[in-house]
Amino acid sequence: MAGLLLALAVPAASADDLFVTGVTVNGGSEARKSYDTVTDLLNSLSTKGLKQTNPAYTETSATTATLYVRGLPAEAAFATNATTLRFRVPSLGIDESFTGSDRDDSRDRFEDFLKANGDDILKRMLKELARVSPVDPIAGNPASLMSQMGVQDFGNVMEADNTSPGSTTGGVAAAFGAGLRFDRYSSGGFDQNVTTLPLSYRRDIGNGYQLTLDMPINWVDTQGASTYNLSVGGALRVPVTPQWSLTPALRIGAGGSEDLGGGATMYSGSLTSRYTWDFGDYRLGLTDMLGLYRTNALDVGDYHADYDLSNRMFRNALDLSGPLRDTFLGSGAIWRAWIIDTRFYGSELYSENQQEFGIAATTRMQVGGSVIDKVSLGLTYLSGDNDVSGFKVNFGYRF
C-alpha cells in the first residue's frame, strides 16, 4: 500500500502504463521501467531498483527518479556523493528530505514518514489523485466507490417502479434480489472492467411504503490492478401522491486497492424523488436524486489513508416504458428506455459529469413451481467529461 503516495502523468509516459519510473543518472538520458503495482514502484527507489531501471546508476551518482502513476507529478532525487533523498510534489508544494546512513536507509525513512502521515502528505496527495487520476478507486470516475454508491441508491428507486400501465406483471409483498452487472469504462487511456454482484431485499410495509436493504459487491480490474468495493444501504419509499414518492436512503461503503494505492470508507445520505405520468399503455417517469458523500480515514496495512472528500451528487433521469407484446418473453413483459444526467459538486474530481442512455426488457418468469417476480436485462452507454466513456450490461432478478 506504499503507493498511497506517488503518482503522475506526463505526455511522454505511455497511456497504458499505470506505474512507470524514469531514472536519469548524471544528467544523461532517461531510462524507464513499468510496474504492475504501486508497491513495486516504491521499491524501484531502492539501490537495486534504480540500477535495474538504469544500469548506469551507482550509489554516488546524481540521480533523479520521475514517478509516473495515474496523474500526479512526483520526483525523488539524490545529489552527487549524497545519501539524502529529496522528495517533491510540485503541484502540492511538497518538498521533504530524508537522510540516512546510506541511500537505502534514506528510502526507508521516507517510507516510515509516509506511514506516519507526516505533514498530512498522504491526505493531500490522495485528494489530489481524486482530481487528476482517471482511475482512482474512491472518487472521480464511474467505476469509483463514490459513483457506485450513488448509482445503487438511484437504481433502487427506478427499479421499484419497473412496470407500465399495460403490464400484468404483479408484485409480491417481499422479494429478494440478485443479479450480475458488467461495466467497462475507458478514461485517460486506461480501461476499467467492473463486475458487480447486487444483493437486495425489498418489502412492502403497507399504504405504499416500501423498505429496501441492499449490499452490492464490486470488483474493478484496471489493467491488471484490482480494486474491491462494498457498501450496505437502507432506503424507505414514502408515497406523497399515487404518482409521486420520496425515498430517503443511508449508505456506508468501504473500498480500495493496494495495487493502485488508495482506500477509504465513505458515508452517504440521499433523497430521491420519483414522479410518473401514465398515457394509455405507456408510463413516463421523472427521477431526481440529491446525494451527499463524505470520505473517512481507512487504515490499509501500515498506512493511514484519508482522502478528505466532501461531494454532492445530482442525478436526474427521464424514462419511458411500455408493454412488450407478442414476444417470446410472454405476457407481462415490458420495455424501458432512459436518459440519465449525473453531476458532482464539492471537492474537485477527475470527471464531474456523465450522461447515460439505456434500454432494458423486464418480465415475470416461472421456473418449475417457483415464480421469479421480475427478470430484467439492460444495456447502457455512458459518456462524460475528460473523455470518459463506457457501457453497462445488467442482468437481475427478484424472487
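Before reading on, note that the structure itself is shown above.
Notes on the structure follow.

About the cut-offs
Residues numbered from 1 in each chain as written. Predicted model: local features only at pLDDT ≥ 70, side-chain atom pairs only at ≥ 80, totals over all residues. Heavy atoms only, no water. Helix = DSSP H or I, 4+ residues; strand = E, 2+ residues; numbered from the N terminus. Buried < 20%, exposed > 50% of the residue type's maximum accessible area, 1.4 Å probe, protein only. Contact = heavy atoms within 4.5 Å. Areas by Shrake-Rupley, 256 points an atom, 1.4 Å probe, with all protein chains shown as cover. Polar contact = N/O pair within 3.5 Å; in protein donor to acceptor, adjacent residues only side chain to side chain. Pairing = 2+ DSSP bridges. Salt bridge = Lys/Arg side-chain N within 4 Å of Asp/Glu carboxyl O. Phe/Tyr/Trp six-rings, centres within 6.5 Å; stacked < 30°, edge-to-face > 60°. Lys NZ or Arg CZ within 6 Å of the ring centre and 35° of its normal. Core = buried A, V, L, I, M, F, W, Y, C linked by side-chain atoms within 4.5 Å.

Moving on: the overall build of the protein. Of regular secondary structure, the protein possesses 5 helices and 20 strands. Within the span of the protein, comprising 399 residues, buried residues form 51% of the whole. For the protein, contacts bridging at least 24 residues in sequence account for 58% of all contacts bridging at least 6. As displayed, the protein has an accessible area near 16,600 Å², and 56% of this comes from carbon and sulfur atoms.

Our next topic: the side chain of Ser 226. Relative to the helices and strands, Ser 226 resides in strand S10 (residues 225–239). At 3.3 Å, the side chain of Ser 226 and the side chain of Trp 219 are in polar contact. The residues touching Ser 226, leaving out its near neighbours within four places in the chain, are Trp 219, Val 220, Ser 257 and Asp 259.

In this structure, Asn 26 takes a positive phi of about 50 degrees despite not being glycine. Inspection of the secondary structure puts Asn 26 in the loop between strand S1 (19–25) and strand S2 (31–35). Overall, the relative accessible area of 53% leaves Asn 26 in the exposed class.

All right, on to the pairing of strand S5 (residues 85–89) then. Each regular strand shows side chains that alternate between the opposite faces of the sheet. Burial along S5 is one-sided: the face carrying Leu 85, Phe 87 and Val 89 is buried and the face carrying Arg 86 and Arg 88 is not. In this sheet, S5 lies alongside strand S4 (residues 74–78) in antiparallel orientation, the contact comprising 3 bridges. Looking at S5, one finds that Ala 76 is bridged to Phe 87. The hairpin turn running from S4 into S5, its antiparallel successor, is 6 residues long, and Asn 81 in that turn takes a positive phi close to 55 degrees.

Mapping Arg 88 onto the fold places it in strand S5. Along the primary structure Arg 88 and Ala 74 are separated by 14 residues, whereas in three dimensions their C-alpha atoms are 5.7 Å apart. With residues near it in sequence (within four places) discarded, Arg 88 still touches Pro 73, Ala 74, Glu 75, Ile 94 and Asp 95.

Enumeration according to the criterion identifies 20 salt bridges in this entry. Among the charged side chains, a network of salt bridges with common partners joins Arg 107, Asp 108 and Glu 111.

Applying the stated rule across the entire model yields 8 aromatic pairs. Taken together, a centroid distance of 5.3 Å and an interplanar angle of 50 degrees make the contact between Phe 98 and Phe 110 tilted. Residue Phe 98 is found in strand S6 (residues 94–98), and its partner Phe 110 is found in helix H3 (residues 103–115); the two are separated by 12 residues along the sequence. Relative to Trp 335, the ring of Tyr 282 lies with its centre 6.3 Å away and its plane at 55 degrees, an arrangement referred to as tilted. Highlighted residues: Tyr 282 in strand S13 (residues 282–296) and Trp 335 in strand S17 (residues 334–346), separated in sequence by 53 residues. Given a relative accessible area of 38%, Tyr 282 falls into the partly exposed group. One residue, Arg 315, lies across the ring of Phe 154, its end atom 4.8 Å from the ring centre.

Another aspect to go through is the nonpolar core. Membership of the largest hydrophobic core comes to 57 residues, with the highest contact counts inside it found for Phe 87, Val 89, Phe 110, Met 125 and Met 146. The greatest single-element share of this core, amounting to 7 residues, is contributed by helix H4 (residues 121–132). Sequence-distant contacts of Val 89, that is, excluding residues within four places in its chain, are made with Leu 72, Pro 73, Ala 74, Ile 94 and Met 125. Of all hydrophobic cores here, the second largest spans 7 residues; its members include Ala 143, Val 194, Val 220 and Leu 382.

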